[in-house]
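The residues making up each chain are set out below.
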Amino acid sequence: MTETPAVALLGPRQAGKTTLALDIADDRQGPFADAHYLDLESEQGRARMADPEAYLAPLSDRLVILDEVQRMPGLFQSLRGLIDRGRRAGRRAGHFLLLGSASMDLLRQSSESLAGRIAYLELGPFGPREIPDIETLWLRGGFPDSVLAPDDAASLRWRRDLIRTYLERDIPQLGPRIAAETLRRFWTMLAHAQGGLLNASALARGLGVDGKTIGAYLDLMVDLLLVRRLEPWAGNVSKRLVKSPKVYIRDSGLVHALLGLETRDDILGHPIAGASWEGLVIENLIMAAPDGTRASFFRSAAGAECDLVLETPRTGTLAIEIKRSSTPKVSRGFWIAAEDVQADRRLVVYPGEDRWIGENGAEILSLADALADI
């Protein structure tokens with residue numbers, strides 16, 4: 001936070017960005033004592049920023065926290081001028097903390113105006129490090145108010161309310177004019193297809209739109225940090241590889257809410273159970289991977305497949321297979337895929353707690369252990 005003049009903390013709604021920022025603002029003993037917080041989602045906050053330079057100039061010696069900054073996209077140019085004047089005056093770094101609930105547009109605007117002046121961090125919902133009860137985390141997802149709800153029914157109600165808020169308020173505020181029911185159907189179709197290859201034509205037929213529209217809908221969900229588009233591995237091998245990305249709703253609790261699954265038994269009795277668990281593991285491993293990691297999956301036309309390939313600067317290339325079973329068995333296709341990507345390690349992540357070395361040197365381990373290893 002003290003290395004650059006500005007830091008953008010990005011994450012979906014209700015992931016805890018504001019709570020974290022307010023904790024920083026309340027820390028009167030730390031390096032950012034006397035921080036100033038402004039919520040740009042409120043009319044009062046936006047009114048105060050009608051003239052950003054006039055409002056912010058007197059706060060030059062304080063940490064300024066601007067929440068929901070995507071609501072004022074024209075702000076970045078003003079921040080650039082303030083940061084540059086502060087640099088010339090010899091003021092310290094760590095002056096602006098920008099909180100945002102959308103990624104692509106926010107990054108595009110800030111990168112154009114604040115190149116060399118801003119660092120980016122992503123804050124996702126809770127993971128196994130915060131919620132060691134993996135089964136509850138899988139069922140309810142990682143949004144704090146969902147996973148910490150008093151019971152499963154209350155958790156499901158909260159997630160349904162979050163979905164409705166996105167559809168009826170948040171997305172229209174960002175500009176796209178998409179009927180809420182159409183977007184709900186699209187989101188639910190993605191939940192049914194969790195972890196599958198993107199089939200835009202099938203989605204288009206289901207919604208009665210064209211493929212270009214499906215692409216725009218998917219881009220929107222990715223921008224809102226609600227969906228992850230996992231690209232296929234693209235190394236130099238002679239085999240014919242699939243070219244379509246795989247698509248995951250990033251929070252397992254939202255998958256279950258969209259499909260109306262309230263309890264663990266409901267999930268285990270539904271065909272989505274394995275893909276939902278796979279999505280939870282993939283999301284947490286990618287979020288925990290060090291900077292500079294390249295994430296992908298491997299699938300050849302002949303059937304060789306690896307759920308996740310992480311090419312990391314610290315631990316090399318990891319070929320990762322994800323199994324929901326407590327007695328995981330790995331197919332021959334995984335070994336072929338691991339050989340093709342020249343994996344340094346072969347990991348099999350399963351829902352148990354024990355750890356052992358399986359056949360061909362595969363490491364069978366829990367999600368918590370896998371997170372510690374990468």
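Each chain has its residues counted from 1, following the order in which its sequence is written. Residue-level local features of this predicted model are given only where pLDDT is at least 70; pairs of side-chain atoms are given and counted only at 80 or more, and the full residue set underlies all totals for whole chains, interfaces and linings. To get the side-chain values, take all heavy atoms of the structure and skip hydrogens and water.

**Student:** Explain the overall build of the protein residue by residue, including any values.
**Tutor:** For helices the rule is a DSSP run of H or I covering at least 4 residues; for strands it is a run of E covering at least 2, with both sets numbered from the N terminus onward. Along its length, the protein carries 16 helices and 13 strands. Atoms counted for the radius of gyration: C-alpha only. Globule rule: 2.2 Å times residue count to the power 0.38. The C-alpha radius of gyration computed for the protein amounts to 22 Å, which stays within 12% of the reference 21 Å derived for 374 residues, consistent with globular compactness. Here the C-alpha coordinates of the protein stretch approximately 65 × 45 × 45 Å along the principal axes. Considering only contacts within the protein whose residues lie at least 6 apart along the sequence, 65% involve residues at least 24 apart. By element, 48% of the accessible surface of the protein is carried by carbon and sulfur atoms, the whole surface being about 16,900 Å². The contact rule is simple, with two residues in contact once any of their heavy atoms fall within 4.5 Å. The method behind every accessible area is Shrake-Rupley, applied with a 1.4 Å probe, and residues are considered shielded solely by the protein chains displayed.

**Student:** Requested: an account of the sheet that holds strand 2 (residues 36-39), with residues and values cited.
**Tutor:** Two strands form a pair only when DSSP identifies at least two bridges running between them. Ordered in space as 2-3-4-1-5, the five strands form an open sheet in which the pairing is parallel. Pairing within the sheet leaves two strands with one partner each, and these edge strands are strand 2 and strand 5 (118-122). Between one strand axis and the next, the sheet turns by 15° as a mean value, whatever way the strands run. Bridge count for strand 3 (residues 64-67) against strand 4 (residues 96-100) is three bridges, and the pairing is parallel. Residue pairing across strands places Leu66 opposite Leu98, the latter belonging to strand 4. Fitted lines through C-alpha atoms serve as axes, helices being fitted only where they are in contact, and the angles separating the N-to-C directions of these axes extend from 0 to 180 degrees. Packing of helix 4 (residues 75-88) onto the sheet brings it into contact with strand 1 (6-10), strand 3 and strand 4, and relative to strand 4 it is tilted by some 165°.

**Student:** Outline helix 8 (residues 152-173), supporting the account with residue identities and numerical values.
**Tutor:** Every α-helical turn comprises 3.6 residues, leaving residues that sit three or four positions apart pointing alike. What a helix should span is 1.5 Å times the count of its residues minus one. If you check helix 8, its first and last C-alpha atoms are 30 Å apart, about what 22 residues at 1.5 Å a residue would give, namely 32 Å. A residue's bend is simply the angle between two axes: one fitted to the seven residues ending at it, one to the seven starting at it. At Tyr166, helix 8 shows its strongest bend, of approximately 45°. Along helix 8, the residues that are buried comprise Ala154, Ser155, Leu156, Trp158, Arg159, Leu162, Ile163, Tyr166, Leu167, Asp170 and Ile171. Packed against the buried residues of helix 8 are helix 6 (134-140), helix 7 (144-147), helix 9 (180-192), helix 11 (211-223) and helix 12 (252-258). The backbone nitrogen of Ala153 has a side-chain oxygen 3.2 Å away, supplied by the residue at the start of helix 8, namely Asp151. Residue burial is assigned from relative accessible area. The probe radius is 1.4 Å, only protein chains are included, and a residue is buried under 20% of its type maximum, exposed over 50%, and partly exposed in between. N or O atoms closer than or at 3.5 Å make up a polar contact, with two conditions inside protein: a donor-capable atom paired with an acceptor-capable one, and, for residues adjacent in sequence, both atoms drawn from side chains.

**Student:** Tell me what's going on with the side chain of Asp170, and back it up with residues and numbers.
**Tutor:** Examined against the element boundaries, Asp170 turns out to sit in helix 8. Here the side chain of Asp170 touches Arg13 through a polar contact of 3.2 Å, side chain to side chain. Beyond its immediate chain neighbours, meaning those up to four positions away, Asp170 contacts Arg13, Glu41 and Thr165.

**Student:** Account for the environment of Glu41, with residues named and values stated.
**Tutor:** Structurally, Glu41 is set in the loop between strand 2 and helix 2 (43-48). Accessibility expressed as a relative area gives 22% for Glu41, which makes it partly exposed. If sequence neighbours within four positions are ignored, Glu41 has contacts with Arg13, Arg46, Asp67, Glu68, Arg71, Arg169, Asp170 and Gln173.

**Student:** Help me get a handle on the sheet that holds strand 12 (residues 356-357), residues and values and all.
**Tutor:** Across the sheet, which stays open at both edges, the six strands sit in the order 8-9-10-11-13-12 with mixed pairing between neighbours. Looking at which strands have only one partner, the edges of the open sheet turn out to be strand 8 (294-299) and strand 12. Sheet topology note: the strand 11 (residues 345-349)/strand 13 (residues 363-365) ladder contains three bridges and is parallel. Residue Leu347 lies in a different strand from strand 13, and its bridge partner there is Glu363. Across the face of the sheet, helix 14 (residues 273-288) comes into contact with strand 8, strand 9 (305-312), strand 10 (316-322) and strand 11 while running at roughly 10° to strand 9.

**Student:** Can you lay out the pattern of salt bridges for me, pointing to particular residues and giving the numbers?
**Tutor:** Any carboxyl oxygen of Asp or Glu within 4 Å of a side-chain nitrogen of Lys or Arg constitutes a salt bridge here. This model, assessed by the stated rule, comprises 25 salt bridges. Asp152 is the salt-bridge partner of Arg140, the closest N and O atoms lying 2.9 Å from each other. Here Arg140 is found in helix 6, whereas its partner Asp152 is found in helix 8, with 12 residues between them in sequence. The salt bridge partner of Glu278 is Lys246, with a shortest N-O separation of 3.3 Å. Here the residue Glu278 occupies a position in helix 14, and Lys246 occupies one in strand 7 (residues 246-249), the gap between them amounting to 32 residues.

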